[in-house]
Amino acid sequence: SQAGEPAVLLLPGDGIGPEVVEAARRVLEAAAHAHGLRIRFDEVLIGGAAIDQAGDPLPEATLEKARRARAVLLGAVGGPAWDDLPVDRRPEKGLLRLRQALGLFANIRPLPGFVAAYGRSPLKPELLRGVDLVVVRELTGGLYYGPRARRALEEGGEEAYDTLLYRTHEIERVARVAFDLARTRRPVGQRRVASIDKANVLTSSQLWRETVRRVAADYPDVTLEHLYVDNAAMQLVRDPGRFDVLLTGNLFGDILSDEAAALAGSLGVLPSASLGGPVPLFEPVHGSAPDLAGRGVANPVGTILSAALLFRYALGHEAAAAMIERAVEQALADGARTADLAGEGEGALATEEMTAAILERLRV
Ligand code: NAI
Ligand code: MG
């Protein structure tokens, strides 16, 4: 292996995963080439494809290769072929185990303005003006990982509980990701973090709020505001342009990031990054779209924009990241649309044609 050539591990996965990952690989390679950079690609199985071949949604060999890579680019996992398996052996478990093994505690979902503008947003265009936000969601703690139980009651019926538990260090490290991110996005004077909690009701939210406030003291150039989650949900549809970085725990982030995604109008255009460990993971927000798989019509933009995030956050190569984003924006501005974005009677591009439209617009 060549020193200085970053290794990117491709995990195409299931359904449309292989189609959109191949599109993104071509764009990664072209943008790297334009900047005199070479990337070494390797590709292994995950999810249903890995279950079929190796009986495990995350074979040891896949995890080992992920640990040695500079970054991982994933398509999607899952589909009807594996729906009858028990929860613990399903394709999705492979992805959860991978995120956990890599220690990826911060999930980042940007909603760039151009994606909202050219998507099929349910919001009026004037409401979308100025939208350019990113949700930073804590990914490995909180309600989804706290102590839980379910048991029968003597008097009949059952009881069940989950626990929303956060420790100071878990809040602190994800807050730092959010504030560091805010510093890279906007000039001084316009940097904002909105921390989301329910501190009027939840003790864990009080710790969240105090900890975030303490971290904020190290970032005097970033303005911090605290919002209750119910108010944040309302503001996201009433005035999304007011947000820059939204910082949330696991549960609230799961819900709010899907709400933010809905503002874009199609799942097919949204990228994500999972950070925090030594090897970051990049993937589109959408799933394996079994209804589209194998037809060559899936929108590759979410995965291609994930490749841009890979340049930005894994390789530290802002110029290549920006080049990809400009090419996607230009292609959309020129009317390039896959079926999920095309209006009635508009000609829709196939995955390969959309990819070609973006490749043609990659310019230094
Ligand atoms: P989905 O995201 O796969 O599909 C939802 C809808 O969006 C479908 O109508 C689909 O055609 C459309 N869509 C998704 N991606 C698109 C793209 N790139 N271009 C155009 N249209 C697109 O979610 P769904 O249907 O709930 O789940 C399908 C399978 O994917 C399930 O097995 C689920 O478990 C899995 N899944 C995997 C995820 C992952 O790997 N991270 C995330 C979400 C679901
Ligand atoms: Mg979700």
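A quick note: this is a predicted structure, and the numbers were derived from the prediction, not measured. Numbering of residues starts from 1 in each chain and follows the order in which that chain's sequence is written. Labels are handed out in written order, letters beginning with A for the chains and numbers beginning with 1 for the ligands. It should be noted that, the model being predicted, local features are given only for residues of pLDDT at least 70 and side-chain atom pairs only at 80 or more, the latter also being counted only at that level, while totals for whole chains, interfaces and linings use all residues.

Undergrad: I'd like a rundown of the site of ligand 1, residues and numbers included.
TA: Neighbouring ligand 1 are 21 residues, the closest being Gly-78, Gly-268, His-286, Gly-287 and Asn-299. Each residue receives one of three labels: charged for Asp, Glu, Lys and Arg, nonpolar for Ala, Val, Leu, Ile, Met, Phe, Trp, Tyr, Cys and Pro, and polar for the others, Gly being one of them. Its residues placed into classes, the shell around ligand 1 shows 10 nonpolar, 8 polar and 3 charged. A residue counts as near a molecule or strand when its C-beta atom, positioned from the backbone, falls within 6 Å of it.

Undergrad: Account for the packing of helix H9 (residues 229-238) against helix H10 (residues 250-264), with residues named and values stated.
TA: Every axis corresponds to a line fitted to the C-alpha atoms, with the helix fit spanning only the stretch in contact, and the corresponding angles, defined between N-to-C directions, vary from 0 to 180 degrees. Numbering of helices and strands runs from the N terminus, with a helix taken as a DSSP run of H or I at least four residues long and a strand as a DSSP run of E at least two residues long. Packing of H9 against H10 leaves a shortest axis separation of 10 Å and a crossing angle of 10°. With respect to H10, the element H9 is oriented roughly parallel. Along the contact surface, H9 presents Val-229, Ala-232, Ala-233 and Leu-236, while H10 presents Phe-252, Leu-256, Glu-259 and Ala-260. Its residues assigned to classes, the contact of H9 with H10 shows 7 nonpolar, no polar and 1 charged. Reported orientations rely on four angle classes, namely roughly parallel under 35 degrees, roughly antiparallel over 145, roughly perpendicular from 65 to 115, and oblique for the rest. Contact between two residues is assigned when their C-beta atoms, built from the backbone, lie within 7 Å.

Undergrad: Just give me the short version of the UniProt feature "domain: Isopropylmalate dehydrogenase-like" (unreviewed entry) in the protein, but keep the residues and values in it.
TA: Mapped onto the present numbering, the UniProt feature "domain: Isopropylmalate dehydrogenase-like" (unreviewed entry) falls on residues 7-358. Overall, residues 7-358 shows 43% helix and 18% strand. The separation of its end C-alpha atoms is 23 Å. UniProt positions are given in the numbering used here, feature names are shortened, and annotations may be inferred rather than shown by experiment.

Undergrad: Tell me about the pairing of strand S12 (residues 281-284), and please be specific about residues and values.
TA: In S12, alternate side chains face the same way, and those of Leu-281 and Glu-283 on one face and Phe-282 and Pro-284 on the other are all buried. By definition, two strands form a pair when at least two bridges between them are found by DSSP. Both strand S3 (residues 71-76) and S12 contribute to a ladder of 2 bridges, which runs parallel. For Leu-73, the partnering residue across the bridge sits in S12 and is Phe-282. The antiparallel hairpin formed by strand S11 (residues 271-275) and S12 contains 5 residues in its connecting segment, where Gly-276 sits at a positive phi of about 125°. Exposure classification rests on a simple neighbour count of other C-beta atoms within 10 Å of a residue's own: a residue reaching 20 or more is buried, one at 12 or fewer is exposed, and one in between is partly exposed. C-beta atoms are placed from the backbone.

Undergrad: Break down the domain arrangement of the protein for me, citing the residues and quoting the values.
TA: Interfaces are often sized by the amount of accessible area the parts lose when they come together. For the protein, the domain assignment lists domain 1 (1-105 + 271-364) and domain 2 (121-264). Here the limits of each domain have been adopted from an automatic or database domain assignment. Averaged C-alpha coordinates put domain 1 and domain 2 at centres separated by 25 Å. Contact residues are listed per partner, giving 8 residues for domain 1 and 7 residues for domain 2. The residue inventory of the side of domain 1 that touches domain 2, partitioned by class, reads 4 nonpolar, 3 polar and 1 charged.

Undergrad: Describe helix H13 (residues 351-360), naming the residues involved and giving the relevant values.
TA: Note on helix geometry: an α-helix contains 3.6 residues per turn, so any two residues three or four positions apart are oriented the same way. Turning to H13, its buried residues are Thr-351, Met-354, Thr-355, Ala-357 and Ile-358. The arc that holds the buried residues of H13, viewed along the axis, is 155°, so those residues lie on one side. Considering only its buried residues, H13 is in contact with helix H1 (17-34), helix H11 (301-314) and helix H12 (318-333). Each C-beta atom gives one direction from the helix axis, and the arc is the one those directions make.

Undergrad: An account of the packing of H1 against H11 is requested, with residue identities and associated values reported.
TA: Helix-helix packing is characterised by the crossing angle of the two axes and by the distance between the axes. In contact at an axis separation of 8 Å, H1 and H11 are set at 40° when each is read in the N-to-C sense. Taken as axis vectors, H1 and H11 run oblique relative to one another. For the crossing formed where H1 meets H11, the hand is right-handed. Contacts between H1 and H11 involve Val-20, Val-21, Ala-23, Ala-24, Val-27, Leu-28 and Ala-31 from the former and Thr-303, Ile-304, Ser-306, Ala-307 and Phe-311 from the latter. When the residues that make up the contact of H1 with H11 are grouped by side-chain class, the tally is 10 nonpolar, 2 polar and no charged. A clockwise turn of the near helix away from the far one marks a right-handed crossing, whereas an anticlockwise turn of less than a right angle marks a left-handed crossing.

Undergrad: Could you give me a rundown of the nonpolar core, with the residues and numbers involved?
TA: In globular proteins that are soluble, nonpolar side chains generally tend to be buried together. For this entry, the nonpolar core is defined as buried Ala, Val, Leu, Ile, Met, Phe, Trp, Tyr and Cys residues connected by C-beta atoms within 7 Å. Counting residues in each nonpolar core, the largest one holds 109 residues, and the members touching the most others are Val-72, Leu-73, Val-136, Ala-307 and Ile-324. When residues in this core are grouped by element, the largest group, 9 residues, is from H11. Here this core spans two domains, since at least three of its residues come from each of domain 1 (1-105 + 271-364) and domain 2 (121-264). Setting aside anything within four residues of it in sequence, one finds Leu-73 in contact with Val-8, Leu-10, Val-21, Ala-24, Phe-282, Ser-306, Ala-307 and Leu-310.

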